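Architecture and fold: a report
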Amino acid sequence: MYPSRFDYHRAASIEEAVQLLGSVEGAKLVSGGHSLIPAMKLRVAQPTALVDIGRIEGLSGISSDEDGLAIGALTTHAEVAASAAVKSACPGLAEAAAAIGDIQVRNRGTIGGSLAHNDPGADYPGAMLAFGAEITAVGSNGERTIAASDLFVDMFTTCLDETEVITGVRIPAARGTAYLKHRHPASSYAVVGVAARVATEGGDVSECAVGVNGVTGCAVLAGPVSESLCGRPANQDRIRTAAGRVGESLDGAVGDLYASAEFRVHLAEVHARRALAAAASRAG
Amino acid sequence: MNHRVCLKVNGEARDVEVEPRLLLCHLLRDELGLTGANIGCDTSQCGSCTVLMDGKAVKSCTLLAVQADGCDVTTIEGLAGENGLHPIQQAFWDNHGLQCGFCTPGMILTAVEILDRNPCASDAEVRHGLEGNLCRCTGYENIVKSIVAAGARESA
């Protein structure tokens, strides 16, 4: 299979990429291309031009300070998964990255690409919601910072406008984080993925967030789960009760031949329980 | 419009003019005559088309040739050295690590990265590392055995 014809532009800078997106009709961005190229081969996507941002300098890499992590948009999943800084500042993010696809996919796929694509089966969106990520994007109207909860709008849809390019992601440091997934055995996409963040103060849960991807068309925050756990110690019974409320946030759960909607909601509950337990134990 | 792509394949500099939509696997197979990278599923799942690009395992059916510009690509044809088979190739030979052989180039090149990361990779780590490579003969037992054996020999 090969894609339909397109023109190819390699952008040397973000400014050039933004300018090309604004001036070349039907142009799409590519970096790792591990969502776009398969879609183009199936001709589900037929962009008239690709703007390759994969070689732009300064867009890749991970830095950390006491507040958290700054990850360049072109950073591959393999780099995030292997990063000592990520494992230490936000272990759940390293787990989410390591759960994506396979070695070959992680070597090419990038965090910016995954977020901009917003695939319902992707692993990063739930993690970004739970871990309180902020996404930086540059477009023809300049730069802006977008909360993860504003970025993801619907299946394959974000709030980015046509000329905006994600340049990086900031994630607050949080030891009490975990990501767990039930992977589709053939595609490796998340049938269900649950990201949990727990912070404690004096033995009680002071903050809690749970993000779920794979179940609904777009990743969601499971608010009732967090409310149920906050303000008290996170023991096994309370985690079980809290996780039992995940279904309240999963209206419109999708089903397919592999996993019915009902089964996905059940898996979400089991994974929420395990992810919360792991996050709470890391939070100390 | 065609684009000029300069890359190194198995240590040899190559300079080609390609259509943007040409996939790396087709460049290797159809233009350069290197048919070791097999096209199996053609949907980024089976890993038969795996090659090393700048030392990393990648699926050449999911890369545009233009994206490989300036890169160093190694296919199965370039793995053996002057002194004979690469240790992983030898281990596949010794441990009957292949049946029909279709998935073998991809398995071996992915194994190069698995053992690069950890020469002492356990059975479980090798199995996890091979998530992106399918063997339709289901010969995984001996494939894993071959890779673990190659790692043990390299780190001995």
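Residues numbered from 1 in each chain as written. Chains lettered and ligands numbered in written order. Predicted model: local features only at pLDDT ≥ 70, side-chain atom pairs only at ≥ 80, totals over all residues. Heavy atoms only, no water.

**Things to note about the domain arrangement of chain B**
Residues and elements named next belong to chain B.
- Once the domains are mapped, chain B shows domain 1 (3-78) and domain 2 (87-155).
- Each of domain 1 and domain 2 has a C-alpha centre, and the two are 21 Å apart.
- Domain 1 puts 18 residues into the contact, and the matching count from domain 2 is 13 residues.
- Both faces considered, domain 1 and domain 2 share a buried interface measuring about 1,200 Å² in area, 58% of it formed by carbon and sulfur atoms.
- Counting the contacts that link domain 1 with domain 2 gives zero salt bridges.
- At the junction of domain 1 with domain 2, the criterion picks out six residue pairs in polar contact (both at pLDDT 80 or more).
- Partitioning the side of domain 1 that touches domain 2 into residue classes produces six nonpolar, ten polar and two charged. (Domains from an automatic or database assignment. Contact = heavy atoms within 4.5 Å. Buried area = accessible area lost by both parts, 1.4 Å probe. Salt bridge = Lys/Arg side-chain N within 4 Å of Asp/Glu carboxyl O. Polar contact = N/O pair within 3.5 Å; in protein donor to acceptor, adjacent residues only side chain to side chain. Nonpolar A, V, L, I, M, F, W, Y, C, P; charged D, E, K, R; others polar.)

**Let's talk about the environment of His34 of chain A**
- You can see His34 of chain A is positioned in the loop between β2 (27-30) and α2 (36-41).
- Assessed through its relative accessible area of 13%, His34 of chain A is described here as buried.
- Along the primary structure His34 of chain A and Val105 of chain A are separated by 71 residues, whereas in three dimensions their C-alpha atoms are 6.9 Å apart.
- Discounting chain neighbours no more than four positions away, the residues touching His34 of chain A are Gln104, Val105 and Arg108 of chain A together with Thr62 of chain B.
- A polar contact is formed between the side chain of His34 of chain A and the backbone oxygen of Gly32 of chain A, at a distance of 3.3 Å. (Helix = DSSP H or I, 4+ residues; strand = E, 2+ residues; numbered from the N terminus. Buried < 20%, exposed > 50% of the residue type's maximum accessible area, 1.4 Å probe, protein only.)

**Focus: the nonpolar core**
- In terms of nonpolar packing, the biggest core is built from 39 residues, with Leu93, Leu115, Tyr124, Met128 and Ile171 of chain A touching the most fellow members.
- Among the elements that line this core, the one with the most residues is helix α8 (residues 124-130) of chain A, at five residues.
- Looking at which domains feed residues into this core, each of domain 2 (62-172) and domain 3 (177-283) of chain A supplies at least three.
- What Met128 of chain A contacts, discounting residues up to four positions off in sequence, is Leu93, Ile111, Leu115, Ala133, Ala148, Phe152, Val169 and Ile171 of chain A.
- Membership of the second largest hydrophobic core comes to 34 residues, among which are Phe6 of chain A together with Leu7, Val16 and Leu64 of chain B. (Core = buried A, V, L, I, M, F, W, Y, C linked by side-chain atoms within 4.5 Å.)

**Considering the interface of chain A and chain B**
- At the junction of the two partners, chain A supplies 33 residues and chain B supplies 35 residues.
- Summed over both sides, the interface between chain A and chain B buries roughly 2,600 Å², with carbon and sulfur atoms accounting for 52% of that surface.
- Sorting the residues of chain A by area buried against chain B places Tyr8, Ile103 and Gln104 of chain A first, and these three jointly supply 24% of that buried surface.
- Applying the counting rule to chain A against chain B returns five salt bridges.
- Taking the shortest distance from any N to any O, the salt bridge between Asp102 of chain A and Lys59 of chain B comes out at 2.7 Å.
- In this structure, the connection of chain A to chain B is made through 17 residue pairs in polar contact (both at pLDDT 80 or more).

**Here we look at the pattern of salt bridges**
- Inspection of every chain in the model, using the stated rule, returns 18 salt bridges over all chains.
- A salt bridge links Glu95 of chain A to Arg282 of chain A, with the nearest nitrogen and oxygen atoms 2.5 Å apart. With a gap of 187 residues between them, Glu95 of chain A in helix α5 (residues 91-98) and Arg282 of chain A in helix α12 (residues 261-283) connect regions that are remote in the sequence.
- For the salt bridge of Arg21 of chain B with Glu19 of chain B, the shortest nitrogen-to-oxygen distance reads 3.0 Å.

**Description of the sheet that holds strand β14 (residues 220-221) of chain A**
Residues and elements named next belong to chain A.
- Strand order in the open sheet made by the four strands is β11-β12-β13-β14, with antiparallel pairing throughout. In this open sheet, the two edge strands, each paired with only one partner strand, are β11 (177-183) and β14.
- Here nine bridges tie strand β12 (residues 190-201) to strand β13 (residues 204-213), and the two strands are oriented antiparallel to one another. Paired with Thr200 across the bridge in β13 is Val205.
- Across the sheet, α12 touches β11, β12 and β13, and the angle it forms with β12 is around 30°. (Pairing = 2+ DSSP bridges. Axes fitted to C-alpha atoms, helices over the stretch in contact; angles between N-to-C directions.)

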